[in-house]
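# Per-entry structural report
Listed below are the residues making up each chain.
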Amino acid sequence: MPKQGIHPKYDTIHVKCACGNKFETRSTHKGDLVVEICAACHPFFTGKQKLVDTAGRVERFRRKIAGSDAGKAAAKTDAAKAAAK
Ligand SMILES: [Zn+2]
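Scope of this entry: the structure provided in the associated data block. (Residues numbered from 1 in each chain as written. Predicted model: local features only at pLDDT ≥ 70, side-chain atom pairs only at ≥ 80, totals over all residues.)

### With respect to the sheet that holds strand β3 (residues 33-35)
Strand order across the open sheet formed by three strands is β2-β1-β3, with mixed pairing between neighbours. A single partner strand is all that each edge strand has here, and the edge strands are β2 (22-27) and β3. Recorded for the sheet is a direction-independent mean angle of 35° between the axes of neighbouring strands. (Pairing = 2+ DSSP bridges. Helix = DSSP H or I, 4+ residues; strand = E, 2+ residues; numbered from the N terminus. Axes fitted to C-alpha atoms, helices over the stretch in contact; angles between N-to-C directions.)

This is the structure in structure tokens:
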């Protein structure tokens, strides 16, 4: 038996994933958890080589770099490549 009073509370918590999946687990974490990837949507388990982007983070990042010099240079390179075709 574990010693009384020296262990953190180990309770059932609810985990909510960005893909919409919800499950219960046991953790010393207090309260519920929100995760971005879980066993239901991770490419390793789904077998799909698809980036999970339900939270729109990739889109937000693209918009952010579009205004920077690096983003403009990348856009120019893409345009040049497209024109060369
Ligand atoms: Zn998920």
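### A word on the environment of His 42
By the secondary structure assignment, His 42 is in the loop between β3 and α1 (43-46). Using a count of 13 C-beta atoms within 10 Å as the deciding quantity, one classes His 42 as partly exposed. Placed 23 residues apart in sequence, His 42 and Cys 19 show a C-alpha to C-alpha distance of 9.7 Å. (Buried ≥ 20, exposed ≤ 12 C-beta atoms within 10 Å, placed from the backbone.)

### Brief notes about the pairing of strand β1 (residues 11-17)
Pairing between β1 and β2: six bridges, direction antiparallel. Among the inter-strand pairings, Ile 13 is bridged to a residue of β2, identified as Thr 25.

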